[in-house]
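# Coordinates in review
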Amino acid sequence: MDSKLKNGMLDACVLSCLLKADSYGYSIVRELSGKVEISESTLYPILRRLEASGALTVYSTEYNGRLRKYYSITDTGRERIRTFLEEWKAAMDIYNYIRKEAEKL
Amino acid sequence: MKRAEFAEYLREKLKGRSETEVNNSIAYYIELINEHMDEGIPEEEAVAAMGNPEKIAAQLLEQLPVSQPAVSSPAAIQAESENRESLSFGRIFGSILLWILGGFLWLTAIGTSIGATAVLSVGIELWIYNGYAVGLVMLGLTLFLTGLTIGVILGASHAMRGAGKLLKRSAER
């Protein structure tokens, strides 16, 4: 798959993980593994990218005597999900048209 | 591999990258290793679960920006210091030239002032013995020489001050 397309999907996946509640690295990996191809080391650049673009913010909380970083989605991040859904809606329409035409043969 | 070894390995491999970024990256992996260990996974297995350390380091090298602009390549630093050296060399040379010019102007000023005094005394003498017409001419010449002396003195002090400033600036570098 095109890497830009893949990155966009992974970004949206991680962001939608945070819609319900703030979460931390390990929990995000666990929640997404099985649904998309993601690991600890592939999550890190995604989190960095999302933080840099203002789609999420980071804060640390003490847990079990050590610090745990929590990620929180911002309005920019929510907007990103909306845009993602709209773009894919348009893409799906095209996909359906192509499939219908192909099935006619 | 233990946690500390893993962290040390990454730190070594990421040398030259922004310290904050390196610390953040290591903290990220250590946090995840700790989470795995909380679930009862032994330390070495938890570290291994992160993946191949070599690959992780290579991936981070790709992602992390090179350290602050302050740390430029050694060649650039050397070129800059050479540039500075020649710059301050130019300043010192310029200030020496200005000193010489200033000194020359001072000597000229002394000469013209002596000349003015001589012309004045000769003029007074001529005024007394040869009438006021020649005396007035000599007085005019005296005034001219006095003006020239003042002008040359001003020029000399400017040159000296300029030389001092240049020298000070090159010393500050």
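Cut-offs applied
- Residues numbered from 1 in each chain as written.
- Chains lettered and ligands numbered in written order.
- Predicted model: local features only at pLDDT ≥ 70, side-chain atom pairs only at ≥ 80, totals over all residues.
- Heavy atoms only, no water.
- Helix = DSSP H or I, 4+ residues; strand = E, 2+ residues; numbered from the N terminus.
- Buried < 20%, exposed > 50% of the residue type's maximum accessible area, 1.4 Å probe, protein only.
- Contact = heavy atoms within 4.5 Å.
- Areas by Shrake-Rupley, 256 points an atom, 1.4 Å probe, with all protein chains shown as cover.
- Axes fitted to C-alpha atoms, helices over the stretch in contact; angles between N-to-C directions.
- Parallel < 35°, antiparallel > 145°, perpendicular 65-115°, else oblique.
- Left-handed = near helix turned anticlockwise from the far one by under 90°.
- Pairing = 2+ DSSP bridges.
- Buried area = accessible area lost by both parts, 1.4 Å probe.
- Salt bridge = Lys/Arg side-chain N within 4 Å of Asp/Glu carboxyl O.
- Polar contact = N/O pair within 3.5 Å; in protein donor to acceptor, adjacent residues only side chain to side chain.
- Nonpolar A, V, L, I, M, F, W, Y, C, P; charged D, E, K, R; others polar.
- Expected span 1.5 Å × (residues − 1).

### Here's the deal with the overall build of chain A
Helix and strand counts for chain A come out as four helices and three strands. With 105 residues in all, chain A has 33% of them scored as buried. By sequence separation, contacts in chain A at least 24 residues apart represent 50% of the contacts at least 6 residues apart. Summing over all exposed atoms, chain A offers an accessible surface of approximately 6,700 Å²; the carbon and sulfur share of this is 56%.

### Looking at the overall build of chain B
The number of helices and strands found in chain B is six helices and zero strands. Start at the N end of chain B and walk to the C end: the helices and strands fall as α-α-α-α-α-α. Every one of the 173 residues in chain B was classed for burial, and the buried ones make up 28%. Carbon together with sulfur atoms contributes 66% to the accessible area of chain B, which is approximately 11,000 Å² in total.

### A short note on the packing of helix 1 (residues 3-13) of chain B against helix 2 (residues 19-38) of chain B
Residue and element names in this part refer to chain B. Where helix 1 contacts helix 2, the two axes come as close as 10 Å, and the packing angle between them is 160°. On the basis of the axis angle, helix 1 is roughly antiparallel to helix 2. Judged by the sense of rotation from one axis to the other, the crossing of helix 1 with helix 2 is right-handed. Along the contact surface, helix 1 presents Arg3, Phe6, Ala7, Leu10 and Arg11, while helix 2 presents Val22, Asn23, Ile26, Tyr29, Ile30, Ile33, Asn34 and Met37.

### What to know about the pairing of strand 2 (residues 56-63) of chain A
Residue and element names in this part refer to chain A. Pairing of strand 2 with strand 3 (residues 66-73), which is carried by eight bridges, proceeds in the antiparallel orientation. Residue glutamate 62 lies in a different strand from strand 3, and its bridge partner there is leucine 67. With antiparallel pairing between neighbouring strands as the criterion, strand 2 and strand 3 make up a hairpin whose turn holds two residues, including asparagine 64 at a positive phi of roughly 55°.

### A closer look at the interface of chain B and chain A
Contacts between chain B and chain A engage 20 residues on the former and 19 residues on the latter. Roughly 1,600 Å² of surface becomes buried between chain B and chain A when both sides are summed, with 44% attributable to carbon and sulfur atoms. Ranking the residues of chain B by area buried against chain A places Tyr28(B), Glu31(B) and Glu35(B) at the top, with a combined share of 36%. Between chain B and chain A we count five salt bridges in total. Close ionic contact of Glu39(B) with Arg30(A) constitutes a salt bridge, the shortest N to O distance being 3.1 Å. Taken together, chain B and chain A are joined by 12 residue pairs in polar contact (both at pLDDT 80 or more). Counting residues per element, the side of chain B that touches chain A draws most heavily on helix 2 of chain B, at 11 residues. Of the residues in the side of chain B that touches chain A, the class split is nine nonpolar, six polar and five charged.

### Here we look at helix 3 (residues 40-52) of chain A
Helical geometry note: an α-helix holds 3.6 residues per turn, so side chains three or four residues apart project in the same direction. Residue and element names in this part refer to chain A. Its 13 residues give helix 3 an end-to-end C-alpha distance of 19 Å, which sits within 8% of 18 Å, the value for a rise of 1.5 Å per residue. Among all positions in helix 3, only Glu40, Ser41, Leu43, Tyr44, Pro45, Ile46, Leu47 and Leu50 are buried. Once helix 3 ends, the next one or two residues include glycine 54, with phi positive near 80°.

### Considering unusual backbone geometry
Of note in this structure, Asn64(A) is not a glycine but carries a positive phi near 55°. Positionally, Asn64(A) belongs in the loop between strand 2 and strand 3.

### Digging into the pattern of salt bridges
Enumeration according to the criterion identifies 14 salt bridges over all chains in this entry. Between Arg48(A) and Glu21(B) there is a salt bridge, with its nearest N and O atoms 2.4 Å apart. Within this pair, whereas Arg48(A) is found in helix 3, its partner Glu21(B) is found in helix 2, the two belonging to separate chains. A salt bridge links Glu12(B) to Lys15(B); the nearest nitrogen and oxygen atoms lie 3.5 Å apart.

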